[in-house]
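Listed below are the residues making up each chain.
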Amino acid sequence: MLVGAFACAHTPQLLARPSTEDRDLVLRVHAAFARVKRRLEALRADAIAIVAGDHVEAFFLDAVPALAVYVGTECTGTFGHYRYRFPIHEPLARAVVEQGVERGFDLFYTQHAPLDYAFYIPLHFTMPEPAAPIVPLHVNVYLPPQPTPRRCYDWGRALGEILRTRPERVVLMASGGMSHFPGTDRYASPEFEYDRRLLEVLKAGRGRELAAITGQELDKMGNIELRTWATLLGAVGEAKAEVYCYEPSWHHGNAVVEWPV
Amino acid sequence: MNDPPHYRFPPASAYRLNRCLFALKSDDAFRARFLKDAQAAMSELALDAEEAGAVARGDRDALLARGAHPYLVFMADLRLRMEREPVSFEFF
């Protein structure tokens, strides 16, 4: 069953803070993460299905899946001196890929690939105690052509149906966003007003509207990663978002959000 | 909406260049070899002289003009800085 749904920023500066990053802002985002952690503990999650966009870590240009499921026994990732190792809920991961394919989504799967920081930075701060195994679900956000927001939304709707039929208590988490433009001339000028308007749409329970946004618009607004949110929104339907925080730094709109399910 | 996208299709001609940036970002052993001897490390990946020069200088505009993926340019630079100036980060 699906017992919770959250979206979390994964900015690396939240984990390794350079002197250029506002410390108080970072701590406010950490406080929002701590709320998510307490919620995951209250929800007694058996597994966390986390939808994230690989930052060209697991998948380089040798093979670029649009949608992928990690179906190993565990997954590992490293970032500087950080070392992460998470058990994967293999029966759940396998059910997602098998039933996803059965429902018409040609999912890529891997039994061994490096885990990207988009997965482990939110989990660094939100993993409940005791820890829950995860199911990493990949959406291509950085290597064009990416799947359309509508495709992501439709996949999320199928994913939600799959999770709801499972015996485990599953929390769905979307990692990513909001506006940022790493590596481009726009790095220091994200589209914060766009983010704020979008959060109002989500608070009103109109998440379905995200499916109608074009990939071009997401690119223009620094929100290519919102494909992970579109996936989650397909699963949560018209639930009204509760925004834990929206903290715009000089380069990134950091949001933490929960949806009732 | 006629502006070019921020993240373009990575041209196949830039495959080796992007492979090098990917290695700097994600391959700790390669990054260590690069920090020790950049030219020797890049010769492993058969970059041409212009590409190798742009990587060695961290010349973002030159890298992007040759088809480098902006995110790879960004994170390769960040990871190199994390190695060169680790004290300037606060780790949580």
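Structure: above.
These numbers come from a predicted model, not from an experiment.

K.L.:
Please clarify how the sheet that holds strand 3 (residues 47-52) of chain A should be interpreted in this entry.
P.N.:
Strand pairing in a sheet takes place through backbone hydrogen bonds and is either antiparallel or parallel in direction. All names here are of chain A. Taken in spatial order, the 8 strands make up an open sheet running 7-4-8-3-9-1-11-10, and their pairing is mixed. Each edge of the sheet is formed by a strand with only one pairing partner; in this case those strands are strand 7 (108-110) and strand 10 (242-248). On average, each strand axis in the sheet is tilted by 15° relative to the strand beside it, whichever way the strands run. Pairing of strand 3 with strand 9 (residues 170-175) involves 5 bridges; the strand directions are parallel. Bridge pairing in strand 9 places Val-51 opposite Ala-174. On the sheet, helix 4 (residues 149-164) packs against strand 1 (2-8), strand 3, strand 4 (67-70), strand 8 (134-139) and strand 9 and is oriented at approximately 160° with respect to strand 9. Sitting on the sheet, helix 7 (residues 226-236) touches strand 1, strand 3, strand 8, strand 9 and strand 11 (253-259), and the angle it makes with strand 9 is about 150°.

K.L.:
Any chance you could explain the interface of chain B and chain A here in plain terms?
P.N.:
A common way to state how big an interface is: give the accessible area lost once the parts meet. With 29 residues of chain B at the interface, the matching set in chain A holds 43 residues. Of all residues in chain B, His-6, Tyr-7 and Phe-92 of chain B bury the most surface against chain A, accounting for 25% of the area lost on that side. Here chain B and chain A share 5 salt bridges between them. Arg-17 of chain A is the partner of Glu-90 of chain B in a salt bridge, and the nearest nitrogen-oxygen pair spans 2.8 Å. Where chain B meets chain A, there are 19 residue pairs in polar contact (both at pLDDT 80 or more). Broken down by secondary-structure element, the contributors of at least two residues to the side of chain B that touches chain A are helix 1 (15-26), helix 5 (60-65), helix 6 (70-84) and strand 1 (89-91) of chain B. Partitioning the side of chain B that touches chain A into residue classes produces 17 nonpolar, 5 polar and 7 charged.

K.L.:
Explain the packing of aromatic side chains here, please?
P.N.:
When we look at a pair of aromatic rings, we describe it by the centre distance and by the angle of the planes. Tallied over the entire structure, the rule returns 19 aromatic pairs over all chains. Centroid distance Phe-60 of chain A to Tyr-15 of chain B: 5.5 Å. Interplanar angle 55°. Geometry classified as tilted. Of this pair, Phe-60 of chain A sits in the loop between strand 3 and strand 4 while Tyr-15 of chain B sits in helix 1, which puts the two residues in different chains. The exposure class assigned to Phe-60 of chain A is buried, which follows from its relative accessible area of 4%.

Conventions used here
Residues numbered from 1 in each chain as written. Chains lettered and ligands numbered in written order. Predicted model: local features only at pLDDT ≥ 70, side-chain atom pairs only at ≥ 80, totals over all residues. Heavy atoms only, no water. Pairing = 2+ DSSP bridges. Helix = DSSP H or I, 4+ residues; strand = E, 2+ residues; numbered from the N terminus. Axes fitted to C-alpha atoms, helices over the stretch in contact; angles between N-to-C directions. Contact = heavy atoms within 4.5 Å. Buried area = accessible area lost by both parts, 1.4 Å probe. Salt bridge = Lys/Arg side-chain N within 4 Å of Asp/Glu carboxyl O. Polar contact = N/O pair within 3.5 Å; in protein donor to acceptor, adjacent residues only side chain to side chain. Nonpolar A, V, L, I, M, F, W, Y, C, P; charged D, E, K, R; others polar. Phe/Tyr/Trp six-rings, centres within 6.5 Å; stacked < 30°, edge-to-face > 60°. Buried < 20%, exposed > 50% of the residue type's maximum accessible area, 1.4 Å probe, protein only.

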